[in-house]
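# Remarks on the overall topology
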Amino acid sequence: MFSTATLSTLFLLVVLPSAAREHRGHISVVLLGATGDLARKYLWEGLFQLYLDEVSSGHTFTFYGGAQAEPAQGQKLMFDRLKRLTCPSDVTPDRCAMLKDQFLRLTQYHQLKTAEGYAALSAEIAATLSQEGLEEAGRLFYFSVPPFAYAEIARHINSSCRPPPGAWLRVALEKPFGHDLRSAQQLAEELKTFFREEEMYRVDHYLGKQAVAHILPFRDQNRHHLDPIWNRHHIERVEIVLKETVDVKNRTSFYEEYGVIRDVHQNHLTEALMFLAMELPANVSSSEDVLRSKLRTFQSLRGLDKRSAVVGQYEAYSGHVREELQKGPDYFSRTPTFAGVLVHLDSLRWEGVPFILASGKVLDERIGYIRVLFKQRAFCAQSETAWGSEPSPCKPKQVIFYIGHGELNSPAILVSRNLFKPVMPEGSWKAVSDRLRLRLFGQPLSEYYTYVPVKERDPYAVVISRIYHGKKESFITTENLLASWEFWSPLLDSLAGEWPRLYPGGLQNQHLLDFEMAGGEVSFAAKEALEVMGARDEQMPDQYKTLQSRFRQNQLVTAWPKELIGRLASDMEAAAASAVERAGQFHLALSGGSSPLALFKRLAAHHYSFPWKHTHLWLVDERCVPLTDPESNFRNLHDQLLQHVRVPFYNIHPMPVHLNRRLCVEDDKGPEVYASEIAGLVTNGSFDLVLLGVGIDGHTASLFPQSLVGLEGSPDVVFTESPVKPHQRMSFSLPLINKAKRVSVLVMGRSKHEIVTLVSRVGQEPKKWPISGVSPSSGHIAWYVDYEALFG
């Protein structure tokens, strides 16, 4: 228990000689996990810095370290660390000694294991304030404990240690905040049982890095420079990079569960991405406006899959895992320690601009930076040697938020001199006038306006200060957390079975981890000379050539998936060119499902001669969901193809499943509307090409076995019922499909082998297997079947 005069005496000691300052109430700070690694390395220093910054603000403070260790042991561990606290260089030794002594006298250790322990702490806080005659302003709890302990501690605080009415409660939570979307949702549900949203401060210390923390203020203070150029018309690419030279030895239990994407990309790099890409609110000081804009930016992120990323693992990692986690000698981990991820936003500002998020362990240097590279629009008639030192439109244009380490070894903000001279707050940032020959990102420092902090601050000190001041925009809300996991979880799921590329580490990596972007996908630039991991006894793609034969008396093309998709795309382009030359237009009808998605991407990324301007795009079938729904075939077509090619909007014909604000109602006559549109534009209803797939039950389009709907008769477009959700569908009828000049059937994957074998042997029995009824009356059909579907 503190002595009776301690708090008031210390308050006067610090405030004098201006003792007339109004007292603003008392704040109790409780550090949970007070003897742990994070507390020892960063948090006690951060709390001491808070005391140094705010002790003259009118508040009084007490600090409590909480842990599960017995009082004598816990107190010794805690005070051994507190005795080593340091002051910033601008604090005189005498004042530092005085403030450090005060801080230690205001700090106590408590064993906090049970509700009774928290109740006793609350009673002690109340008794101390009563004796001092002080009013409580608030309580700050910092959770430096594993997330599995959050719920129990939250329950104890909520039931036994809340401050009285009128005082605020702020709870700081350390990552990880879940392992995936489901676990994050579960943790969020548990926490909201005990705390209100405004009471929770999910900490990402990366946002306390001074260069990252200044992104929004920089954008705000330089609006008049940035507004015209902060967009897809002027920015070539954005790089958000965190490279480390250390390995994960002694942290493998954590890393095996999380890996680099969960550890760095899902939080640190994503938050930096938000600050760069979000629409800037009119008032960046408004936490609500900033958080609302961040959430809208999350909603504009384009979905990820395994083609959006490359992953690697340093060679010694599996050995570290075997050693520390007692795995057998044959154990090899698939956990990535390096990842490069390509992110796109579907927004008018950022459409087409690649955002590269890269991070890894055991790389060639330790550095963190955010680099915005602008497009080079100038042509320079003189050679580079004649440009001189003056700003030139021929030199690179970039804005760099230099997070730290590397050759500069300091947080910094750099703007190319041929771009603009930025506005920077004089009291907190200063211009650099030395080391001008140092080269960064292809330019000497002399070609940048370069600014560094007047006073460097530890990220945790910044974070703790912002919690104290209630600046919620620097923290992760529940909505933003779940939006981030919703964005990253599909990529993590798709990579779960992939083997990462092995790399030796450090300078020996050379170009092994370099990667390239093409068509919205990324791949390693250097091919591996040897397949080290995941070797299989089965045949590899390059051991086959594309085979051509017959299937159901029709043309058959078979190959591995990538080659097969390439062949189909080329054949479609040839058919399109022929139709446009013959009739001036090309009518293409596309089925839904997963198989065509790779084809759409191939067409968008590689077929620049495709006559999109003269192409009409139709849907063979559609689910009865809104066209913006992820289940919608049109939504997939839009996301994977339409937004990447230039098809006139009046040539795009989605199925009218959503009429009169309702879905697939017979009275709205959606099939008749679509059939009428086809009749008005497609001569004799004969499409130039219809692309179909095959389900494992033999269905095609949305024509299903054991149903006569759409198999015969006059309606060209019909409503059907699927055995799987969503059940209601709209579909071309079989007679309409069979009017086509050309039908291509795409079948891929081992799961289709059984139905491919069956269909190869049966005649025309569309009631049992609708695909068997596809037989164009005056056209021809070609089957594109990959090796796994054909051979199993």
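Now for a quick tour of the structure. (Residues numbered from 1 in each chain as written. Predicted model: local features only at pLDDT ≥ 70, side-chain atom pairs only at ≥ 80, totals over all residues. Heavy atoms only, no water.)

### Let's talk about helix α7 (residues 181-192)
In this model α7 runs 16 Å from its N-terminal to its C-terminal C-alpha over twelve residues, within 8% of the 16 Å that 1.5 Å per residue would give. For α7, every residue scored as buried is listed here: A184, L187, A188 and L191. Around the axis of α7, the buried residues are gathered within 100° of arc, so they sit on the same side. Opposite its buried face, α7 presents the exposed residues R182 and Q186, each directed more than 90 degrees away. Where the residues of α7 are buried, they touch α6 (150-160), β5 (168-174), β6 (200-203) and α15 (478-495). (Helix = DSSP H or I, 4+ residues; strand = E, 2+ residues; numbered from the N terminus. Expected span 1.5 Å × (residues − 1). Buried < 20%, exposed > 50% of the residue type's maximum accessible area, 1.4 Å probe, protein only. Arc of directions from axis to C-beta. Contact = heavy atoms within 4.5 Å.)

### With respect to the state of the cysteines
This model, assessed by the stated rule, comprises three disulfides. Covalently, C87 is tied to C96 through a disulfide, its sulfur atoms 2.1 Å apart. Note on the C87 and C96 pair: the S-S dihedral is about 90°, so by sign convention the disulfide is right-handed. When sorted by exposure, C87 lands in the same class as C96, which is buried. One disulfide in the model links C624 with C664; its S-S distance is 1.9 Å. An S-S torsion of about -90° defines the bridge between C624 and C664 as left-handed. A residue pair is termed long-range when its members are at least 10 positions apart, and C624 in the loop between β25 (621-623) and α18 (633-640) and C664 in the loop between β28 (662-663) and α19 (670-681) qualify at 40 residues. For the protein, numbering the cysteines in disulfides from first to last along the sequence yields the connectivity 1-2, 3-4, 5-6. (Disulfide = S-S within 2.5 Å.)

### Section: the pattern of salt bridges
Should the charged atoms of two oppositely charged side chains come close, the side chains can pair. This structure, assessed with the given rule, holds 37 salt bridges. Here D263 and K175 are joined by a salt bridge, their closest N and O atoms 3.1 Å apart. Of the two residues, D263 is situated in helix α11 (residues 252-277) and K175 in the loop between β5 and α7; the sequence distance between them amounts to 88 residues. Residue classification places D263 among the buried positions, given a relative accessible area of 8%. Here K175 falls in the partly exposed class, since its relative accessible area comes to 22%. A salt bridge links K601 to D305; the nearest nitrogen and oxygen atoms lie 2.8 Å apart. Linking K601 in helix α17 (residues 595-606) with D305 in the loop between α12 (287-299) and β8 (309-314), this pair joins segments that are 296 residues apart in sequence. The buried category is assigned to K601, whose relative accessible area is 13%. (Salt bridge = Lys/Arg side-chain N within 4 Å of Asp/Glu carboxyl O.)

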